[in-house]
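Tertiary structure, described
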Amino acid sequence: METRDRQLTPELFQPAGLGSQDAEKIAGPSIGFWGDAWRRLRKNRVALVSAALILVLIALAVLGPYLTPYTSDGQDLSRQFRGPSLSGFWFGTDNFGRSMFDRVWEGTRVSLYIAFLATALDLGIGMFYGAISAYNGGRIDNIMQRVVEVLVGIPNLVLIILLMLIFDPGILSITIAIAFTGWTSTARLIRGQVLRLKEQEFFLASRALGAGSPRLILKHLIPNVLYIVIITLMFTVPSAIFFEAFLSFIGLGIQVPDASLGALINEGAREMRFYPHLLVFPAIVLCLLTISFRLLGDGLRDALDPRMRK
Amino acid sequence: MLRYTLKRLVNAFVILFIIASVSWLLMQFLPGSPFNDDKLTDEAKAQLEAKYGLDDPLLVQYARYMGNLARGDLGNSYAYNGTPVVDIVLGKRLAVSAFLGAQALIVGTLIGILLGAIAAMRHNSFWDRFSATLSVLGVSVPSFVLAPLLQYWLAFKAGIFPIALFESWWHSVLPSAVLAIAVGAVVATYTRAEMLEVFGQDYVTLAKAKGLSRVAVVTRHVLRNSMIPLVTILVPLAAALLTGTLVVETVFSIPGIGEQFVRSIFVNDYSVIMGTTLLFAVFFVASYLIQDILYGIIDPRIRLAGTRE
């Protein structure tokens, strides 16, 4: 009603003072790739909860054993197979009377240690190999790719089992076996991305301006493959945790008295009928770890590479 | 197509050859010899080694090993009084494992397609989230956690299923279910992603515009076209099944090949371990081969290029 009665005066129709050059002005602050990704990730509640959960689990793996007056290897046959209780042993005790709370978090620490180390090796080798292969191109690329092709054809599981048979099972040998079979897929991913980047105009422009290999690699290639590395990291860690646990389960992994989550689950599965707490606690921790890494990985992929979102 | 298939076939054999050579090489590194008895004198040991050809040059031994392998002779088991490994690996146990695996594969794939299809058709709905949660759980909860837990709840506590062993079909339900969950989770994730992709295609819009019913659009256009790339998951499925059978057979004490393998590891029965590992290798390489050939049939561009990226 009000608008209809309003008087239209010529003053209302003055130019707003926007020149042609102002049309090109960028009004908002520049956010950048990582800021943009963070804004997308922040909205993803599932990913944030997973990240928090991972931090809590890592903290417990480091600090957990110090929270109780007991130790993971303190045996006492007078307190075998106690059930979990709030006043005594939070997660109960095992067949030697050892505190399961301490054993579970020590096992988590071993599992995480193997997973992170294997992932670092896997990504390090894969990135290096893939980048060199793609950056050089030509005959070097050809030879390096034939090697990868043969390695990819050898099934991971078979190779890991063979490697575990000759090496004495231990933290280092498991790590090497897992990394040894994992790096080929990383190398292929990185190679693909670097090949794509090499074709792009900004790369050509930089090269035309006289940039040498170090600058091209450090300034243009690495920042542009970093997001792939982060996404791969998030999916490699849970699969390394899984492989380690699987090896421990079939008897090729961590040997007693050391324990990883897989070894604890294996022990627990045997006593499960009468003392289910021996199985349930390590199983819950293992599942929480793998699920949250996967969900965070999904979230990061959506945030860093929105085109991948389905 | 024939050329491409032959190329893949040769490739597969090369890889099998490499695996066999590597496993022979690894066997040379293994600690101990078959004649570790303290009562044996040095002469007797030398005689035995001569009898089994262990004093020949390594190359001769290698050639003999490969020759035996080509004739299907994998040596004898140390733990089973010299039973030929081939009889252990390819006997009744393989049939049991194959039955479990096949049953899980069929059921798991059907459930996976169903879940994935529902999720894609009701994109961003409750059912989509429900199916996504199930798939994440199915992929993340490993078989060695799932198998003991199901055994505890459904067999021991509730008494619905037998706890272990393999005497009737009823015994195979729980182990197959554990395997099928892993398979279903993988299939559901891929089916959903693939169907969402196909839903956005022009020919689907055209089919809708022609006035086809929703059922017809989904079954005749979307589902058929999204099934094709399912070939991609053949190898991951094979891996999931194999790790699964190793665990499931051990947990449920099923006399299959996986249980045999785990037991051989515990008693260091190297010749059986090697034989089984080679069998696994053949299984994997065969799935790679089938995948590559199916790729070639589906996508002529791959066939012409000769390799897949």
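Residues numbered from 1 in each chain as written. Chains lettered and ligands numbered in written order. Predicted model: local features only at pLDDT ≥ 70, side-chain atom pairs only at ≥ 80, totals over all residues.

1. Quick look at the overall build of chain B
A tally of regular secondary structure across chain B gives 14 helices and zero strands. Order of helices (α) and strands (β) in chain B, N terminus to C terminus: α-α-α-α-α-α-α-α-α-α-α-α-α-α. In terms of overall dimensions, chain B is more spread out than a globule: its C-alpha atoms have a radius of gyration of 24 Å, far above the 19 Å expected for 309 residues. Among the 309 residues that make up chain B, the fraction classed as buried is 35%. (Helix = DSSP H or I, 4+ residues; strand = E, 2+ residues; numbered from the N terminus. Rg over C-alpha atoms; globule rule 2.2 N^0.38 Å. Buried ≥ 20, exposed ≤ 12 C-beta atoms within 10 Å, placed from the backbone.)

2. Points about the overall build of chain A
Summing up its helical and strand segments, chain A has 11 helices and zero strands in all. Moving toward the C terminus, one meets the helices and strands of chain A in the order α-α-α-α-α-α-α-α-α-α-α. Taken across its 310 residues, chain A has 40% of its residues classed as buried. Intrachain contacts of chain A at a sequence separation of at least 6 include 68% that bridge at least 24 residues. (Contact = placed C-beta atoms within 7 Å.)

3. Structural notes on the interface of chain B and chain A
Each side of the interface is counted separately: chain B has 36 residues, and chain A has 31 residues. Of all elements in the fold, only helix H1 (2-29), helix H6 (126-140), helix H7 (143-157), helix H8 (169-199), helix H11 (234-251), helix H12 (257-266) and helix H13 (270-298) of chain B reach the threshold of two or more residues within the side of chain B that touches chain A. Residue composition of the side of chain B that touches chain A, by class: 32 nonpolar, four polar and no charged. (Nonpolar A, V, L, I, M, F, W, Y, C, P; charged D, E, K, R; others polar.)

4. Focus: the nonpolar core
By size, the foremost hydrophobic cluster in this structure holds 133 residues, and its most contacted members are Ile-265 of chain A together with Val-183 and Val-186 of chain B. If you tally residues by element for this core, the top one is H8 of chain B, at 15 residues. With near-sequence residues (within four places) excluded, Val-183 of chain B lies in contact with Ala-104, Leu-105, Gly-108, Thr-109, Gly-112, Leu-237, Ala-240 and Leu-241 of chain B. (Core = buried A, V, L, I, M, F, W, Y, C linked by C-beta atoms within 7 Å.)

5. Considerations on the environment of Asp-202 of chain B
Within the secondary structure, Asp-202 of chain B is located in helix H9 (residues 202-209). A C-alpha to C-alpha distance of 47 Å links Asp-202 of chain B and Phe-17 of chain B, two positions 185 residues apart in sequence.

6. Topic: H7 of chain B
For H7 of chain B, with 15 residues, the first-to-last C-alpha span of 19 Å sits near the 21 Å given by 1.5 Å per residue. If you look at H7 of chain B, its biggest bend is around 25 degrees, right at Gln-151 of chain B. For H7 of chain B, the complete set of buried residues consists of Ser-143, Phe-144, Val-145, Leu-146, Ala-147, Pro-148, Leu-150 and Gln-151 of chain B. Close packing links the buried residues of H7 of chain B with helix H9 (213-249), helix H10 (261-271) and helix H11 (277-304) of chain A together with H8 and H11 of chain B. Downstream of H7 of chain B by a residue or two, Gly-159 of chain B has a phi angle that is positive, lying close to 70 degrees. (Expected span 1.5 Å × (residues − 1). Bend = angle between axes of the 7 residues up to and from the residue.)

7. Considerations on unusual backbone geometry
Residue and element names in this part refer to chain B. Phi is positive for Asn-124, close to 65 degrees, though the residue is something other than glycine. By the secondary structure assignment, Asn-124 is in the loop between helix H5 (92-121) and H6. Residue classification places Asn-124 among the exposed residues on the basis of 8 C-beta atoms within 10 Å. Not every positive phi belongs to a glycine, and Ser-253 is a case in point at roughly 50 degrees. On the basis of neighbour counts, which here come to 12 C-beta atoms within 10 Å, the residue Ser-253 falls in the exposed class.

8. A look at the packing of H8 of chain B against helix H10 (residues 214-227) of chain B
All names here are of chain B. In contact at an axis separation of 9 Å, H8 and H10 are set at 130 degrees when each is read in the N-to-C sense. As judged from the angle between their axes, H8 and H10 are oblique. Judged by the sense of rotation from one axis to the other, the crossing of H8 with H10 is right-handed. Between H8, through Thr-191, Glu-194, Met-195, Val-198 and Phe-199, and H10, the contact on the second element is made entirely by Val-222, Asn-225 and Ser-226. (Axes fitted to C-alpha atoms, helices over the stretch in contact; angles between N-to-C directions. Parallel < 35°, antiparallel > 145°, perpendicular 65-115°, else oblique. Left-handed = near helix turned anticlockwise from the far one by under 90°.)

9. Re the packing of H7 of chain B against H8 of chain B
Residue and element names in this part refer to chain B. Following both chains from N to C, one finds H7 and H8 inclined at 140 degrees, their axes separated by 10 Å at the closest point. In terms of orientation, H7 lies oblique with respect to H8. The chirality of how H7 crosses H8 is right-handed. Counting all contacts with H7, which are made through Ser-143, Leu-146, Ala-147, Leu-150, Gln-151, Leu-154 and Ala-155, the residues of H8 involved are Leu-174, Ala-177, Val-178, Ile-181 and Ala-182. Of the residues belonging to the contact of H7 with H8, the class tally is 10 nonpolar, two polar and no charged.

10. Quick word on the environment of Leu-25 of chain B
Tracing the chain through its elements places Leu-25 of chain B in helix H1. The sequence separation of Leu-25 of chain B and Glu-197 of chain B amounts to 172 residues, and the corresponding C-alpha distance is 47 Å.

11. Some words on H11 of chain B
Residue and element names in this part refer to chain B. Over its 18 residues, H11 extends 25 Å from the first C-alpha to the last, a length consistent with the 26 Å expected when each residue adds 1.5 Å. Here H11 lies mainly inside the structure; 14 of its 18 residues are buried. Just downstream of H11 lies Ser-253, where phi reads positive at about 50 degrees.

12. Focus on the environment of Pro-10 of chain A
The topology assignment puts Pro-10 of chain A in the loop between helix H1 (2-5) and helix H2 (32-42). In this structure, the C-alpha to C-alpha distance between Pro-10 of chain A and Gly-28 of chain A, residues 18 residues apart in sequence, is 32 Å.

13. A look at the confidence of the model for chain A
Put simply, chain A has an average pLDDT of 81, and 88% of its residues get 70 or more. Across chain A, the element-wise mean pLDDT spans from 66 in H1 of chain A up to 89 in helix H3 (residues 45-63) of chain A. (pLDDT = per-residue confidence, 0-100.)

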